[in-house]
Amino acid sequence: MFKIVKREEMAGGTVILNEIEAPLIAGKAKPGQFVILKANETGERIPLTMADTDPQKGTITVIYMVVGKSTALFKTLKVGEGYKDVIGPLGKPTHVEKVGTVVCVGGGTGVAVLHPITRALKEAGNHVIAIIGARNKGLLILEEQMKAASTELHVCTDDGSYGHKGFVTEVLKKMLETKDVKLVVGIGPVPMMKFVSKMTKEFNVKTLVSLNPIMIDGTGMCGGCRVSIGGETKFACVDGPEFDGHQVDYDGLMQRLQAYCDEEKECYGTFCKLNP
Amino acid sequence: MAEEEVKKAKKEAIPRQKMPEQAPEVRRRNFKEVPTGYTPETAILEAQRCLQCKKPGCVEGCPVQVDIPGFINHIKEGDFTGAARLLWQKNSLPAVCGRVCPQEVQCEGVCIVGKKGQPVAIGNLERFAADYERINGKGELPPKAPPTGKKIAVVGSGPSGLTVAGDLIAKGHEVTVLEAFHKPGGVLVYGIPEFRLPKEIVFSEVAFMEKQGVKLECNSVVGRTVTLDELFAQGYDAVYVGVGAGLPTFMNIPGENLIGVLSANEYLTRANLMKAYLFPEYDTPIVKGKNVVVLGAGNVAMDSARTAMRLGADNVKIVYRRSRQEMPARAAEIHHAEEEGIEFFLLTAPTRFLGDEKGRITGMECLKMELGEPDQSGRRRPIPVKGSEFKMDCDLVIVAVGAGANPLLTQSTPELSLNKRGYIIADPETGKTTKKGVWAGGDIVTGSATVILAMGAGRKAADSIHNYLKWGW
Ligand SMILES: Cc1cc2nc3c(=O)[nH]c(=O)nc-3n(C[C@H](O)[C@H](O)[C@H](O)COP(=O)(O)OP(=O)(O)OC[C@H]3O[C@@H](n4cnc5c(N)ncnc54)[C@H](O)[C@@H]3O)c2cc1C
Ligand SMILES: Cc1cc2nc3c(=O)[nH]c(=O)nc-3n(C[C@H](O)[C@H](O)[C@H](O)COP(=O)(O)OP(=O)(O)OC[C@H]3O[C@@H](n4cnc5c(N)ncnc54)[C@H](O)[C@@H]3O)c2cc1C
Ligand code: SF4
Ligand code: FES
């Protein structure tokens, strides 16, 4: 078992943080990589990006939004309990180098994925402007951590309950207009990444996004995670999860994410009835 | 008549004993094993059909030279444990091989009795002896040599890796098996379905090895969690790589990323490893197609088609670009599939997949083929027939047209030489690779082959590793 040593609820209990004992993975993981977790014998294999690692303590941290049966099941796990299986580190690490000014844009739980990348980019000597957003103040996560990880932080909420009122893309546009931005990293819901990429394309600025298709093995053996990049089929678990944002077929990805929506509803519905 | 001939005539009078099977109408909707096994009485009767040849063809036909007349003789005498012991000498997973080996092109294909009538049912007898011992035997551990203090890592827990582990633990070495998935067994667990090979059999074989001292570490993706060089740094003296041919092949035709087009690897992994056939009791979902098309005609295709039928399909079609003669699946699988109502569309190839506005598959465009001159594989090359386009409706397509070498481990180990197709180059006699202290075997060396060949390669490598640990590279 992979024991949970720390657990936090964020964004009003819709987002959960787990720090998990996994010394082998903690010793090897780099920013941008993910793990696959399985809670119990009957559970699904669920991919989550590592939001942090502590090689000394031998722990990894994941932060996830409760969206369906498996993440709801994860939410029930207490400190001292744990996951039956944790596999990783998987995927290619983020390519980190000094390029100058970088903008890191995060939406929703994408901020958790963005955090270690932001920190690594800053440590590599870049001027890192972070822009994070959520629907409202209550749903915003990791503000303090992102502030520490970046050179300057901008916060947006859709309803204006905190920070700039509006979408992250509005602040991003201002940055692209006023600064010599060399690289944009955008991580969040698929529509957000799509709009970020559309905008940076206009400014011709290189953009990295992190894709989250449905996965099973995470080692390149099933092809379930395939995404279309510049017209070519790639397996996100081994060729990604990060890709050139300007080459991604976002609409195809959004469709494929719906592959099992009926089954997911059925499964989550039953679980919610049994665990009110 | 000489006494010998009287005996022979009597034997020929005994017909080949059939194994009872679930009726096709029943089994096509459940996941229970299809044939239910011999009783001791039928096994003894079948064993009596063997002529105990002095120069047995069957043994030569067996890739690992099991003493077939020997184990059959034990069954004939009612000594089932003795039969199982003899099988183990050459084959560490007889309960598996009895079920999945292509006997018709191996031992049974060259059995003398088969020249005139039906060959001795060697596979069925092998299965019987192994099942009997697993269920009734005392689980006595095989003898183990005194500890050598040497440590071996086996990467991959398919039939090949398990064979190496079993052999080397018996020789007194410490063995750890590293497996990427959360469960051991390789294709035996994630690929071959329950109705053909109950998972309980594989897990009991693995448990038996653990009892003998083999350590099993699941969730270890070698190349990611740990590299080969790190294994040596951790104190391992030798490494065996048996990671299989785990890379799905797609057709590279338009529409392949539609929802409802799956690789056989994905479909079977969901169904078998993740037990999606028990959804929602198990959490992993699977597409339950009503009109299912399976592309390909090997064992993988038959397993996919029969799984789809069991998941409630109205009709399942095997679409294959060559003819019946070229179908690579075991004869028994084709026969079982046909009995279960799977339809065969031969000399047919898809050219594009069609979908609806939600990106779900609705059908495919196909072309009829005819056979031309033989190609490199010696099989006649399929050529499209002009103007033969037609449309086939479907809501699930499972692509089972072969597998390739997964580069995850090899990319992280540049010293391992690979062939053009990405498979590891290893000496066929010893399994030695181009990297010192590393052996490889099974599908990652040969490309997709068979369980018994993967095991045979494992046995040779285990002997070579043992010699290396004693005498050097
Ligand atoms: C590489 C990668 C990294 C990820 N990192 C994070 C993260 O750090 N934090 C976070 O909150 N989420 C992350 N996700 C998404 C997360 O895996 C899904 O939200 C989760 O699987 C939903 O499972 P569920 O059973 O709770 O919901 P379900 O009801 O099953 O599904 C809700 C939606 O999640 C998606 N989904 C379902 N099953 C899978 C699966 N096996 N793999 C991927 N997506 C699936 C589908 O689009 C589905 O419609 C990541 C996904 C990937 C591929
Ligand atoms: C659906 C299907 C049906 C088949 N039917 C038959 C049949 O009826 N008869 C027959 O003889 N053959 C059959 N075969 C072929 C047979 O199963 C294979 O030839 C055989 O399993 C190969 O054994 P292996 O040990 O080389 O590899 P595998 O069985 O593929 O095992 C390899 C193992 O290594 C693990 N692995 C991979 N990469 C890593 C890594 N980086 N780190 C750690 N572990 C890793 C995998 O998860 C897997 O568990 C079938 C194959 C399939 C897919
Ligand atoms: S060839 Fe047939 S008859 Fe002869 S020993 Fe083998 S199984 Fe028996
Ligand atoms: S998750 Fe199976 S290939 Fe990527």
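See the structure printed just above.
Residues numbered from 1 in each chain as written. Chains lettered and ligands numbered in written order. Predicted model: local features only at pLDDT ≥ 70, side-chain atom pairs only at ≥ 80, totals over all residues. Heavy atoms only, no water.

Moving on, we get to the overall build of chain A. Of regular secondary structure, chain A possesses 9 helices and 16 strands. Relative to the compact-globule value of 19 Å for 276 residues, chain A shows a C-alpha radius of gyration of 18 Å, a close match. Principal axes of the C-alpha set define a box for chain A whose edges measure 50 × 40 × 40 Å. The 276 residues of chain A split such that 56% are buried. Looking at chain A alone, contacts between residues at least 24 apart form 65% of all its contacts between residues at least 6 apart. Of the roughly 11,400 Å² that chain A leaves accessible, carbon and sulfur atoms contribute 52%. (Helix = DSSP H or I, 4+ residues; strand = E, 2+ residues; numbered from the N terminus. Rg over C-alpha atoms; globule rule 2.2 N^0.38 Å. Buried < 20%, exposed > 50% of the residue type's maximum accessible area, 1.4 Å probe, protein only. Contact = heavy atoms within 4.5 Å. Areas by Shrake-Rupley, 256 points an atom, 1.4 Å probe, with all protein chains shown as cover.)

Moving on: the interface of chain B and chain A. Contacts between the two partners involve 43 residues from chain B, matched on the other side by 44 residues from chain A. In total, about 3,600 Å² of surface goes out of reach between chain B and chain A, with carbon and sulfur atoms giving 54% of it. Broken down residue by residue, the surface that chain B buries against chain A is led by R224, N257 and D283 of chain B, which jointly contribute 21%. Counting across the interface, chain B meets chain A through 3 salt bridges. Listing elements by their share of the side of chain B that touches chain A, those giving two or more residues are strand 5 (247–248), strand 6 (261–263) and helix 14 (264–273) of chain B. For the side of chain B that touches chain A, the leading source of residues is helix 14 of chain B, giving 4 residues. Split into classes, the residues belonging to the side of chain B that touches chain A amount to 20 nonpolar, 12 polar and 11 charged. (Buried area = accessible area lost by both parts, 1.4 Å probe. Salt bridge = Lys/Arg side-chain N within 4 Å of Asp/Glu carboxyl O. Nonpolar A, V, L, I, M, F, W, Y, C, P; charged D, E, K, R; others polar.)

The next thing to look at is the site of ligand 1. Residue and element names in this part refer to chain A. In the vicinity of ligand 1 there are 23 residues, among which P47, M65, S70, T71 and L257 approach most closely. Between ligand 1 and G68 there is a distance of 3.2 Å, counted from an oxygen atom to a backbone nitrogen or oxygen. A distance of 2.4 Å is found between an oxygen atom of ligand 1 and a side-chain nitrogen or oxygen belonging to T71. Starting from 870 Å² of accessible surface for ligand 1 in isolation, the protein chains cover 88%. Secondary-structure elements contributing two or more residues to the shell around ligand 1 are strand 4 (46–54), strand 5 (59–65) and helix 2 (69–75). Here the shell around ligand 1 gets 4 residues from one element, more than from any other, and that element is strand 4. Residues belonging to the shell around ligand 1 are distributed by class as follows: 13 nonpolar, 6 polar and 4 charged. (Near = heavy atom within 4 Å. Polar contact = N/O pair within 3.5 Å; in protein donor to acceptor, adjacent residues only side chain to side chain.)

Residue and element names in this part refer to chain A. The strand order 6-1-2-5-4-3-7 describes an open sheet built from 7 strands, whose pairing is antiparallel. In the strand order of this sheet, the two ends are held by strand 6 (82–83) and strand 7 (85–90), each with one partner. Pairing of strand 1 (residues 2–10) with strand 2 (residues 15–21) involves 6 bridges; the strand directions are antiparallel. Its bridge partner being in strand 2, I4 is matched across the sheet by I20. Contacts from helix 3 (residues 110–123) reach strand 4 and strand 5 within the one sheet, and its direction differs from that of strand 4 by about 40°. (Pairing = 2+ DSSP bridges. Axes fitted to C-alpha atoms, helices over the stretch in contact; angles between N-to-C directions.)

So, about the sheet that holds strand 8 (residues 315–319) of chain B. Residue and element names in this part refer to chain B. On the basis of which strands lie adjacent, the open sheet formed by 5 strands has the order 6-14-7-8-9 and parallel pairing. The open sheet terminates on both sides in strands that have one partner only, identified here as strand 6 and strand 9 (343–345). With strand direction ignored, the average angle separating the axes of adjacent strands in the sheet is 25°. When strand 7 (residues 291–295) meets strand 8, the two strands line up parallel, connected through 5 bridges. Bridging from a neighbouring strand, V294 pairs with I318 of strand 8. Of the strands in this sheet, strand 6 and strand 14 (396–399) touch helix 14, which is tilted by about 80° from strand 6.

In this structure, M364 and V397 of chain B are the most contacted members of the largest nonpolar core, which totals 53 residues. Each residue touching M364 of chain B, except ones within four places of it in the same chain, is listed here: V293, L295, V319, P350, R352, F353, L354, F390, K391, M392, C394 and V397 of chain B. (Core = buried A, V, L, I, M, F, W, Y, C linked by side-chain atoms within 4.5 Å.)

What follows covers helix 16 (residues 331–339) of chain B. All names here are of chain B. Those residues of helix 16 not exposed but buried are E333, I334, H336 and A337. The buried side chains of helix 16 occupy one side of the element, clustering within an arc of 165° when seen end-on. Structurally, helix 16 contributes buried residues whose contacts are with helix 2 (24–27), helix 15 (299–310) and strand 9. (Arc of directions from axis to C-beta.)

Let us look at the packing of aromatic side chains. Tallied over the entire structure, the rule returns 11 aromatic pairs over all chains. By way of ring pairs, the aromatic residues Y64, F74 and Y83 of chain A are connected into one cluster. The positively charged end of K151 of chain B is found above the aromatic ring belonging to Y236 of chain B, 4.7 Å away from the centroid. Its guanidinium or amino end placed over the ring of F344 of chain B, R324 of chain B lies 5.4 Å from that ring's centre, counting from NZ or CZ. (Phe/Tyr/Trp six-rings, centres within 6.5 Å; stacked < 30°, edge-to-face > 60°. Lys NZ or Arg CZ within 6 Å of the ring centre and 35° of its normal.)

It is worth spelling out the site of ligand 2 at this point. All names here are of chain B. Neighbouring residues of ligand 2: 33 residues in total, closest V100, E179, R196, V222 and D443. P159 is positioned with one of its backbone polar atoms (N or O) 3.4 Å from an oxygen atom of ligand 2. At 3.4 Å, a backbone N or O of G186 approaches an oxygen atom of ligand 2. Within the complex, the protein chains bury 93% of what would otherwise be the 1,000 Å² of accessible surface of ligand 2. Elements with a minimum of two residues in the shell around ligand 2: helix 10 (159–170), helix 15 and helix 19 (451–471). A per-element tally of the shell around ligand 2 places helix 15 first, with 3 residues. Broken down by class, the residue content of the shell around ligand 2 amounts to 16 nonpolar, 12 polar and 5 charged.

A few words on the pattern of salt bridges. Under the counting rule described, the total for this entry stands at 39 salt bridges over all chains. The residue K194 of chain A makes a salt bridge to D251 of chain A at a minimum N-O spacing of 2.9 Å. Of this pair, K194 of chain A sits in helix 6 (residues 190–203) while D251 of chain A sits in helix 8 (residues 250–257), and the two are 57 residues apart along the sequence. K194 of chain A gets classed as partly exposed once you look at its relative accessible area, which sits at 27%. Where salt bridges share partners, they join E21, R27, R196, D303, R306, R310, R330, E333, E339 and E340 of chain B into one cluster.

Another point: the state of the cysteines. What we call a disulfide is simply a covalent bond connecting the sulfur atoms of a pair of cysteines. Per the stated rule, a full pass over the model turns up 0 disulfides over all chains. Note on C218 of chain B: no disulfide assigned, nearest cysteine sulfur contributed by C222 of chain A at a separation of 18 Å. (Disulfide = S-S within 2.5 Å.)

A few words now on the packing of helix 14 of chain B against helix 15 of chain B. Two measures define how a pair of helices packs: the angle their axes make with one another and the distance between the axes. Residue and element names in this part refer to chain B. Where helix 14 meets helix 15, the axes come as close as 10 Å, and the angle between the chain directions of the two elements is 50°. If you check the angle between helix 14 and helix 15, you find them oblique. The handedness of the crossing between helix 14 and helix 15 is left-handed. Contact residues: helix 14 offers A264, Y267, L268 and A271, while helix 15 offers V300, D303, S304, T307 and A308. (Parallel < 35°, antiparallel > 145°, perpendicular 65-115°, else oblique. Left-handed = near helix turned anticlockwise from the far one by under 90°.)

Let us look at the pairing of strand 11 (residues 361–374) of chain B. All names here are of chain B. Across 7 bridges, strand 10 (residues 348–355) lies against strand 11 in antiparallel orientation. Each residue of the ladder has a partner; that of F353, found in strand 11, is M364. Between strand 10 and strand 11, which pair antiparallel in sequence order, lie 5 residues; one of them, G359, sits at a positive phi of approximately 80°. Examined bridge by bridge, strand 11 and strand 13 (residues 390–393) share 4 bridges and lie antiparallel to one another. Within strand 13, the position partnered with C366 by the bridge is F390. In this antiparallel pair of consecutive strands, strand 11 and strand 12 (residues 380–384), the connection spans 5 residues, and G378 shows a positive phi of 85°.

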